[in-house]
Amino acid sequence: DDPNSQDADDTGTTRKPRQRRQQQHKQQQWQQDDKQLKQEQEQGRSSSDASTRLQEQSDAANRLLRQADRTAAGIEAGLQHEQSSRQTNSQQNGQDDGQAEDELTATNMQEQLEKEEQVQELMSVRRQGFAGQLKHVQVQNFMCHHNFAMEFGTHVNFVSGSNGSGKSAVLQAMQCALGATARKTGRAQNMKELVRSGCNTAKVQVTLWNTGEDAYRHEAYGDWLTIERTIKIIGAQKTATSTWRLLNQQESPVSRSKKDLDDMLDHLSIDATNPLAVMTQDVSRDFLCGAVADKNKYELFMEATMLDSMQQSLVQCQTLVEKMGASMRDITATHTARRGKVKELQDKLQKLESAADLAAMRSTLERATLWAAVEERTRKLEVVRQNLEVTARCCW
């Protein structure tokens, strides 16, 4: 046997494990590269799908706008054709039908104005939302969002995303801006838990349309208004404070009062805590699953239909009526007592008036007595004077 062959075998046996390790390492790298490539492809597909969906939505919106423009143009052309044909017919009828022609023209003009108003209303609804409808939301340092903004269409809006991407956080931000407490959001017990970790201030802005007949103080706010809520964590105890601002269309502050916010929400019939308006995940889970749902469905129904608040209002009204009844009884008793006292005083006054009359009569009688005495003495003096005169005549 060749000794070199043994050495070659030994060298080969020592190289085989090293080659296997190198091959395994390469295979692992290839697998990792394949996984990364697949993830990138999936991300590319999701982004391309999202862009495709956005493009489809924009195309559909553009088609609807073009269709509306064609409809408006068709209505306008039909109105012009109808008006021209009626004018031609009226010219052919001659001057005898002048009065009927004027009435027909006025009717046509009225119909045309009504159709134009309908077309303008149709176009305005498509481009503007109704009073109280969402237009824009922006959050800063709120829950998982650092700085996020979202525009809403004037019709139905769908928000999609993976778990943990912050869909519910946007919903809770809208609730907080519209006056809901942290407990009502179902995500926190106090406001400081809604501030992003590592930050001391969070800001939420919700913009609502303010157009149409139901607009709230349109002369002050314009076609849309913005509700801004700022949450600050202050002090060593890390207590949270909230401040509100109501901004107009030019983003100038109009009010900082919570009462004005409540008045605006009441005017627009917005209740961010109503389960029919905002149903959180916890409420949905309690409503659909388990025995707890059977117990809470009635309470949820009462709260959603606002019968609960109406019942509380009725109880408060009943309590107020009872208090008013008790007050009325007290007032009635006091009135009766005072009425008796008034009668007593009136009797005294009548007696005093009678006494005054008697005093006046007495004074009159006293004067009459004095004058009677004067008259009596005057008669006596007259008799004495006459006697003296007779006596004097006799003496002479």
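In this report, the structure presented in the accompanying data block is examined.

All right, on to the sheet that holds strand S6 (residues 253-255) then. In space, the six strands of this open sheet follow the order S2-S1-S3-S4-S5-S6, with antiparallel pairing throughout. A strand with exactly one partner marks an edge of an open sheet, and here the two such strands are strand S2 (145-151) and S6. Sheet twist, expressed as the mean angle between neighbouring strand axes with direction ignored, is 20°. Direction of pairing for strand S1 (residues 134-142) relative to strand S3 (residues 201-209): antiparallel, over a ladder of six bridges. Among the inter-strand pairings, His 136 is bridged to a residue of S3, identified as Thr 207. Sitting on the sheet, helix H6 (residues 258-268) touches S3, strand S4 (224-234), strand S5 (239-247) and S6, and the angle it makes with S5 is about 60°.

Take the pattern of salt bridges next. Within this structure, the stated rule accounts for eight salt bridges. With a shortest N-O distance of 2.9 Å, Asp 262 and Lys 258 are connected by a salt bridge. Taken together, the residues span about one helical turn, with Asp 262 and Lys 258 both in helix H6 at a distance of four residues. By sharing partners, the salt bridges in this structure join Glu 382, Arg 385 and Glu 389 into a single network.

Counting residues in hydrophobic clusters, the biggest one holds 33 residues, and the most contacted among them are Phe 142, Leu 208, Ile 227 and Met 264. Elements with a contribution of two residues or more to this core: S1, helix H3 (167-177), S3, S4, S5 and H6. Look past the residues within four positions of Met 264 in its chain and what remains in contact with it is Leu 208, Tyr 216, Leu 225, Ile 227 and Leu 246.

A few words now on the packing of aromatic side chains. Tallied over the full model, the rule gives two aromatic pairs. The ring of Trp 209 carries the charged tip of Lys 135 above its face, separated from the ring centre by 5.4 Å. Lying over the aromatic face of Trp 224, Lys 135 brings its terminal NZ or CZ to 4.5 Å of the ring centre.

What follows concerns the pairing of S1. Here six bridges tie S1 to S2, and the two strands are oriented antiparallel to one another. Considered in S2, the bridge of Phe 142 is made with His 145.

On to the side chain of Thr 226, then. Among the structural elements, Thr 226 can be located in strand S4. Within the structure, the side chain of Thr 226 is placed 3.1 Å from the side chain of Thr 207, a separation counted as a polar contact. Sequence-distant contacts of Thr 226, that is, excluding residues within four places in its chain, are made with Gln 205, Val 206, Thr 207, Arg 245, Leu 246 and Leu 247.

Judged by how many residues are buried, S3 sits mostly within the fold: seven of nine residues are covered. Across nine bridges, S3 lies against S4 in antiparallel orientation. The partner of Thr 201 across the bridge, within S4, is Lys 232.

Before going further, it helps to spend a moment on a negative patch on the surface. A cluster of acidic residues, Glu 111, Glu 114, Glu 116 and Glu 117, forms a negative patch at the surface. Assignment of secondary structure puts Glu 117 in helix H2 (residues 98-127).

This part is about the environment of Ala 277. Note on placement: Ala 277 falls in the loop between H6 and helix H7 (281-288). For Ala 277, a relative accessible area of 55% gives the class exposed. Once the C-alpha coordinates of Ala 277 and Ala 304 are considered, the two residues, 27 residues apart in sequence, prove to be 8.2 Å apart.

The next subject is H3. For H3, a buried count of nine out of eleven residues is recorded, marking the element as mostly surrounded by other parts of the structure. Every buried residue of H3 is listed here: Ser 168, Ala 169, Val 170, Gln 172, Ala 173, Met 174, Gln 175, Cys 176 and Ala 177. Two residues or fewer after H3 comes Gly 179, characterised by a positive phi angle close to 95°.

Cut-offs applied
- Per chain, residue numbering runs from 1 following the sequence as it is written.
- Residue-level local features of this predicted model are given only where pLDDT is at least 70; pairs of side-chain atoms are given and counted only at 80 or more, and the full residue set underlies all totals for whole chains, interfaces and linings.
- As a rule here, side-chain values cover all heavy atoms of the structure and leave hydrogens and water aside.
- In this scheme, strands are said to pair when DSSP sees at least two bridges between them.
- Secondary structure elements are taken from DSSP: a helix is a run of H or I of four residues or more, a strand is a run of E of two residues or more, and numbering for both begins at the N terminus.
- Here an axis means a line fitted to C-alpha atoms, over the contact stretch when the element is a helix, while the angle between two N-to-C directions is reported on a 0 to 180 degree scale.
- Residues are treated as being in contact if the distance between any of their heavy atoms lies within 4.5 Å.
- For this analysis, a salt bridge means a side-chain nitrogen from Lys or Arg found within 4 Å of a carboxyl oxygen belonging to Asp or Glu.
- Nonpolar cores are built from buried Ala, Val, Leu, Ile, Met, Phe, Trp, Tyr and Cys residues. Side-chain atoms within 4.5 Å join them into one set.
- Between buried and exposed lies partly exposed: a residue is buried under 20% and exposed over 50% of the maximum accessible area for its type, with that area taken using a 1.4 Å probe on protein chains only.
- When two rings of Phe, Tyr or Trp (its six-membered ring) have centres within 6.5 Å they constitute a pair, described as stacked for plane angles under 30 degrees, edge-to-face for angles over 60, and tilted for the intermediate range.
- For a ring to carry a charge above it, either NZ of a lysine or CZ of an arginine must fall within 6 Å of the ring centroid while also lying within 35 degrees of the normal to the ring plane.
- As used in this structure description, the phrase polar contact means that two N or O atoms lie within 3.5 Å; if the pair is within protein, one of them must be able to donate a hydrogen and the other to accept it, and residues adjacent in sequence are counted only when both atoms belong to side chains.
- Residues enter patches when they are more than 30% accessible in relative terms and free of salt bridges; like-charged ones are connected within 9 Å and nonpolar ones (Val, Leu, Ile, Met, Phe, Trp, Tyr) within 5 Å.
- Each accessible area is a Shrake-Rupley estimate made with a 1.4 Å probe; only the visible protein chains count as cover when residues are assessed.
- Only four residue types enter the tally: Lys and Arg on the positive side, Asp and Glu on the negative side; His and the chain ends are excluded.
- Charge positions are represented by NZ for Lys, CZ for Arg, CG for Asp and CD for Glu.

Note that all results are geometric; they support no functional claim without further evidence.
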